[in-house]
Amino acid sequence: MSSLSSSALVGREPERDLLTAAVASAGEGRGSSVFVLGEPGIGKSRLVEETAAAAMSSGFRVLRGRAASAGRAVPLRPLAEAVFSGLRGEGAPGDGDLGPYRCLAQGLPRR
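Enquirer: What am I meant to see in a nonpolar patch on the surface here?
Expert: On the surface, Leu76, Leu79, Val83, Phe84 and Leu87 cluster together into a nonpolar patch covering about 490 Å² of accessible area. On the secondary structure map, leucine 79 appears in helix α3 (residues 77-90).

Written as structure tokens, this is what we have:
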């Protein structure tokens, strides 16, 4: 029996270009957020997976978190899942790694 899926991503050039530009901007120090929305089955996951694979092959760290419509609602679940996915391979960052994120309101020096 043959598979109906294709290795080519078809008909998503504008969306792919937007995501590619967002990844390129992040590489230049300009972060952003992109939300991929749409009806079930239109290829959202495939589009995001292709973008994540391209980002990883370019040396980016990719964090993954997913929302679930079944079961108990957990606040911020996708965000927490994404952060935990980043910690699994390398562990929590050290204090020196967190320097740029110190609270300036407490008078801590900025790097």
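Enquirer: Sorry, what's going on with unusual backbone geometry here?
Expert: Glycine aside, residues mostly have negative phi, and peptide bonds are mostly found in the trans state. One non-glycine residue, leucine 76, adopts positive backbone phi at about 60 degrees. Within the element layout of this structure, leucine 76 appears in the loop between α2 (44-57) and α3.

Enquirer: Help me out: how do you make sense of the pattern of salt bridges in this one?
Expert: Side chains that differ in charge, positive against negative, can pair when their charged atoms come close. By the definition in use, this model includes six salt bridges. Residue arginine 46 pairs with glutamate 50 through a salt bridge whose shortest N-O separation is 3.1 Å. With arginine 46 and glutamate 50 both in helix α2, this residue pair falls four residues apart, about one helical turn. Look at arginine 46 and you get partly exposed, because its relative accessible area is 30%. Where arginine 77 meets glutamate 81, a salt bridge forms, and the shortest distance between an N and an O atom there is 3.4 Å. Remark: glutamate 81 and arginine 77 occur in helix α3; sequence separation between them is four residues, near one turn of the helix.

Enquirer: Would you explain the confidence of the model for the protein in this entry?
Expert: Parts of the model with low pLDDT should not have their predicted coordinates read in detail. Chain-level pLDDT for the protein is 81 on average; 84% of the residues reach the 70-or-more range. Within the protein, no element has a lower average pLDDT than α3, which sits at 84, and none a higher one than helix α1 (residues 13-27), at 93.

Analysis parameters
Counting starts from 1 at the beginning of each chain's written sequence and moves along it residue by residue. Local features in a predicted model are, by the rule used here, given only for residues with pLDDT of at least 70; side-chain atom pairs are given and counted only at 80 or more, and totals for whole chains, interfaces and linings are based on all residues. Heavy atoms from the whole structure form the basis of all side-chain values; hydrogens and water molecules are not counted. Patch definition: residues above 30% relative accessible area lacking any salt bridge, with like charges linked at up to 9 Å and the nonpolar side chains Val, Leu, Ile, Met, Phe, Trp and Tyr linked at up to 5 Å. The method behind every accessible area is Shrake-Rupley, applied with a 1.4 Å probe, and residues are considered shielded solely by the protein chains displayed. Here, a salt bridge means any side-chain nitrogen of Lys or Arg that lies within 4 Å of a carboxyl oxygen of Asp or Glu. Here a strand is any run of E in DSSP of at least two residues, a helix any run of H or I of at least four, and the numbering for each starts at the N terminus. Between buried and exposed lies partly exposed: a residue is buried under 20% and exposed over 50% of the maximum accessible area for its type, with that area taken using a 1.4 Å probe on protein chains only. The score called pLDDT rates the predictor's confidence residue by residue, from a low of 0 to a high of 100.

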